[in-house]
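Close look at the chain arrangement
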Amino acid sequence: MPNERIPDMGSTITIEKPVFNLLLSRLKEEGYLPIGPRVKNETLVYDEIESIDDLPQGYSTKQKPGNFRLVHEKHSRFFDIIPGAQSWKQFLFPSHTELFAMRKNGKSWEISSQPMEPPKYAFIGVRACELAAIQIQDGIFMREDFTDPHYRARRIHAFVISVNCTQPAGTCFCTSMGTGPRVKEEFDVNLTELDDVFVLTIGSEVARRLLAGIPFDDASGYILSNVERKLEHAEHQMTRKLDSSDLPNLIIDHLDHPYWLEIGKRCLSCTNCTQVCPTCFCWDTQDEMSLDGKTTRRNRLWDSCFNPGYSHQAGGNTRPTIYSRYRQWLSHKLGTWKEQFGTLGCVGCGRCITWCPAEIDITEEIAALRNEVNR
Ligand code: SF4
Ligand code: SF4
């Protein structure tokens, strides 16, 4: 029988699916803004969630290079979808942030900045690869020697309900990057969806407190083996691979290989891959001056190493060709990133493959470069 105990830290419990609404209510009472996957304008976005009915029940996603389809399959599960173009990056590192404003007062200028009071987010449905991407961005924006105050203000209070993937998409390759499909750490609550119940693992004291009094059962051995079977099935379903055994040297040692010219003929330099990538963090600042010259704002905007202007410096452009910009992206992501931040910069989410209009596939490009080098 369901009971009203407080679940233990690290324990795994089951709740009836409608009980998830009680957890959402608790989050809202505690001042959190729940954000999760929703169907809007016939696609999948991350947006505010009022109740479990807002989640994409019955939907699945079909993904392949250059192609994303949302399909209503009339099953009753809520988390069978694999995320679309959006990622949690847009909440922690928004595409547009005002850094400060200046207003002319007589002969002097007054500087002001907006108070940093972002919502207290509760992220619902964070996949293992996405959690790994958040950890990568934590390492970039919250370093020991420098912390970005805007990122930190959004990140430190975020409550994470992660989800184990049981239905990977055709472009996923998280098993190759060691990031998924199962969530291992850094969550408040980790959820696996079975047909009739949600299986929750408790990962933080905040989660324990929020779940106090919510009806649950301890997960039985049968439930736990069912979860394990689903995860093993998901791992076997993921056929796309990226061999990272010779990275970063494969790239770093062959920066002058003619293969880069070949990729450059297909890439459109559209920047899609960097905008959808949950780890990419290039940005630019732009000043916005009022017509009367009395106020100005400095904004931070997402940028991309595929934009020709990004590598424009005094004296000229250091990466004037498309092939040199593609090489820069890949040699950072799967090369120098490791030296800079300790891991590769790719978590295997597959977004850059799904959303590339030229169907350029990072897993195939690495394999093709290796073939060319070894030929
Ligand atoms: S490089 Fe591609 S697969 Fe890797 S994290 Fe970025 S979008 Fe995902
Ligand atoms: S690799 Fe694809 S998505 Fe990225 S810039 Fe080139 S064409 Fe656009």
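Residues numbered from 1 in each chain as written. Chains lettered and ligands numbered in written order. Predicted model: local features only at pLDDT ≥ 70, side-chain atom pairs only at ≥ 80, totals over all residues.

Ranked by size, the top nonpolar core spans 85 residues in total, and within it Ala-122, Phe-123, Leu-131, Val-160, Ile-161, Leu-200 and Cys-352 carry the most contacts. For this core, the element with the highest residue contribution is helix α3 (residues 128–141), accounting for 7 residues. Contact partners of Ile-161, with chain neighbours within four places excluded, come to Ala-122, Phe-123, Ile-124, Gly-125, Val-126, Asp-188, Val-189 and Leu-191. (Core = buried A, V, L, I, M, F, W, Y, C linked by C-beta atoms within 7 Å. Buried ≥ 20, exposed ≤ 12 C-beta atoms within 10 Å, placed from the backbone. Helix = DSSP H or I, 4+ residues; strand = E, 2+ residues; numbered from the N terminus. Contact = placed C-beta atoms within 7 Å.)

The next point concerns the pairing of strand β1 (residues 12–16). Two strands pair when backbone bridges link them, and β1 and strand β11 (residues 197–202) are joined in this way by 5 bridges, in the antiparallel orientation. Bridging across to β11, Ile-15 finds its partner in Phe-198. Relative to strand β12 (residues 217–218), β1 runs antiparallel, the two sharing 2 bridges. Along β12, the bridge assignment pairs Ile-13 with Asp-218. (Pairing = 2+ DSSP bridges.)

Around ligand 2, a shell composed of Cys-267, Leu-268, Ser-269, Cys-270, Thr-271, Asn-272, Cys-273, Phe-306, Cys-356, Pro-357, Ala-358 and Ile-360 is seen. In terms of residue class, the shell around ligand 2 is made up of 9 nonpolar, 3 polar and no charged. (Near = placed C-beta within 6 Å. Nonpolar A, V, L, I, M, F, W, Y, C, P; charged D, E, K, R; others polar.)

Entries for the protein chain in the domain assignment read domain 1 (12–237) and domain 2 (249–374). The C-alpha-based centres of domain 1 and domain 2 are spaced at 26 Å. Of all the elements in the fold, those that place two or more residues in the side of domain 1 that touches domain 2 are β5 (67–72), β6 (96–105), α3 and α5 (174–177). If one sorts the elements of the side of domain 1 that touches domain 2 by residue count, β6 sits on top with 9 residues. Split by residue class, the side of domain 1 that touches domain 2 holds 19 nonpolar, 12 polar and 5 charged. (Domains from an automatic or database assignment.)

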